[in-house]
Amino acid sequence: MCIRDRYINTPETPVFRKREALYGLPFALEPVRRAGRAVACEGYFDRIALERAGVGEAVATCGTALTPDHARQLRRRTREVVLLFDGDEAGRKAAWRALEVLLPEGLRVRIAALPGGADPDDVLAAEGPEALRGAVDQSADAIQLALEWTMAEGCSTPAQKADAVGRMAKVIALVPDPIERGEYARRVAVATDSGAVAVFEFSGAEAGKPLSPIADTIIPDAERVIHYPVLDGGRLWVAGSQLNHYEVQISRRLLVPQNTLYEGSVLLAAPALMGET
């Protein structure tokens, strides 16, 4: 009895550059434009199943993991990518690797994990096209999901907490947008019950841009109600008056790079600013 391989993986040639090729891309271009997203899956048959389910914006790699060349191709056509991987441990590992490739290109990544290690064709056959489309439409924010996976591994001891922050900091550092990067760092700080300063500095160091809180910030031309950053461990001065003895209504806690005003803000409700004595 002769047992043949399920897949025959051909090498790259001058004609077939599989580190750049995305199966189904020509047919997916218009659906990607309409949907505002691309769905990246692992194989040809996965892409065919998604097409049959009405998810025309799907593309598949050709026998490789996602590469930076794939990421650049996707970024030229959309800002959002949904990763469709098996819901098992191998699928999680593939998702972590994909984040390392997609995030630096400025792509916003979501993950649609299929239950029980099923592949798209299994879901399509067992539950119908609505179930497969629903899995894609209900995909989760990839970094938030990675944080949930990390927390599930334990975060009760100092060592576990350090490992969790370190692992997530490496992912957060790949996010180019400072607003998004700051929000994810805040979420990690809250989830791990760690200091915001530690998370920001860790992620900043991973990105090669260390952040540190500043001791004093001078804000001229104070208004009755103003929006400026809140500092972890710093002092805020407005019109020459130190405000650490006033009540500050905080809407977001942010770490400010040295000598730089961060993009986020808080509402300062100090009596002196409100015209009160």
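The structure contained in this document is the topic of the report that follows. (Residues numbered from 1 in each chain as written. Predicted model: local features only at pLDDT ≥ 70, side-chain atom pairs only at ≥ 80, totals over all residues. Heavy atoms only, no water.)

Turning to the overall build of the protein, a few remarks are in order. Counting secondary structure elements, the protein contains 10 helices and 11 strands. Buried positions account for 41% of the 277 residues belonging to the protein. Within the protein, residue pairs in contact and separated by at least 24 positions form 64% of the contacts whose partners lie at least 6 positions apart. (Helix = DSSP H or I, 4+ residues; strand = E, 2+ residues; numbered from the N terminus. Buried < 20%, exposed > 50% of the residue type's maximum accessible area, 1.4 Å probe, protein only. Contact = heavy atoms within 4.5 Å.)

Here we take up a nonpolar patch on the surface. A contiguous nonpolar surface patch, about 380 Å² in accessible area, is contributed by Y23, Y44, F45 and I48. As for its position among the elements, Y44 is in helix α2 (residues 44-52). (Patch = residues over 30% accessible without salt bridge, like charges linked within 9 Å, V, L, I, M, F, W, Y side chains within 5 Å. Areas by Shrake-Rupley, 256 points an atom, 1.4 Å probe, with all protein chains shown as cover. Salt bridge = Lys/Arg side-chain N within 4 Å of Asp/Glu carboxyl O.)

Further remarks concern the side chain of T61. Here T61 shows up in strand β3 (residues 58-61). Assessed through its relative accessible area of 5%, T61 is described here as buried. Within the structure, the side chain of T61 is placed 2.9 Å from the backbone oxygen of T64, a separation counted as a polar contact. In this structure, T61 is in contact with A21, L22, C41, E42, Y44, L66 and H70, ignoring residues within four places of it in sequence. (Polar contact = N/O pair within 3.5 Å; in protein donor to acceptor, adjacent residues only side chain to side chain.)

Residue placement: P129 occurs in helix α6 (residues 129-137). Take P129: its relative accessible area is 28%, and that puts it in the partly exposed class. As a C-alpha pair, P129 and G54 span 75 residues in sequence and 7.3 Å in three-dimensional space. Not counting chain neighbours up to four residues away, the residues in contact with P129 comprise A53 and L124.

Once that is clear, we can look at α2. Looking only at α2, the buried set comprises D46, R47, A49 and L50. Projected down its long axis, α2 carries its buried residues within an arc of 160 degrees, all on one side. Residues F45 and R52 are exposed on α2 and point more than 90 degrees away from its buried face. Two residues or fewer past α2, G54 is found with a positive phi of approximately 95 degrees. (Arc of directions from axis to C-beta.)

The next point concerns the packing of aromatic side chains. Describing an aromatic ring pair means giving the distance of the ring centres and the angle of the ring planes. Per the counting criterion, the structure on display carries two aromatic pairs. Aromatic side chains Y23 and Y44 sit 5.0 Å apart centroid to centroid with 80 degrees between the ring planes, which places their arrangement in the edge-to-face category. With Y23 in strand β1 (residues 22-23) and Y44 in helix α2, the pair connects residues that are 21 residues apart, well separated along the chain. Residue class for Y23 comes out partly exposed when judged on its relative accessible area of 33%. Y44 gets classed as partly exposed once you look at its relative accessible area, which sits at 34%. Seen from their ring centres, W96 and W149 are 6.5 Å apart, and the 55 degrees between their planes marks the pair as tilted. Note that W96 is positioned in helix α4 (residues 89-102) and W149 in helix α7 (residues 142-152), a separation of 53 residues in sequence. (Phe/Tyr/Trp six-rings, centres within 6.5 Å; stacked < 30°, edge-to-face > 60°.)

Contact pair α7 / helix α8 (residues 158-172): the axes reach a minimum separation of 10 Å and the direction vectors enclose 165 degrees. It follows that α7 is roughly antiparallel to α8 by the angle criterion. The two elements α7 and α8 meet at a crossing, and its hand is right-handed. Across from I143, A146, L147 and T150 in α7, the residues of α8 making contact are A164, R167, M168 and V171. (Axes fitted to C-alpha atoms, helices over the stretch in contact; angles between N-to-C directions. Parallel < 35°, antiparallel > 145°, perpendicular 65-115°, else oblique. Left-handed = near helix turned anticlockwise from the far one by under 90°.)

So, on to the nonpolar core. With 40 residues, the main nonpolar core has L74, L83 and L102 as its most contacted residues. Considering each element in turn, this core owes the most residues, seven residues, to α4. When sequence neighbours within four positions are dropped, the list of residues in contact with L102 reads L66, A71, L74, V81, L83, L107 and V109. Ranked by size, the runner-up nonpolar core spans 17 residues in total, among them V55, A60, V82 and L124. (Core = buried A, V, L, I, M, F, W, Y, C linked by side-chain atoms within 4.5 Å.)

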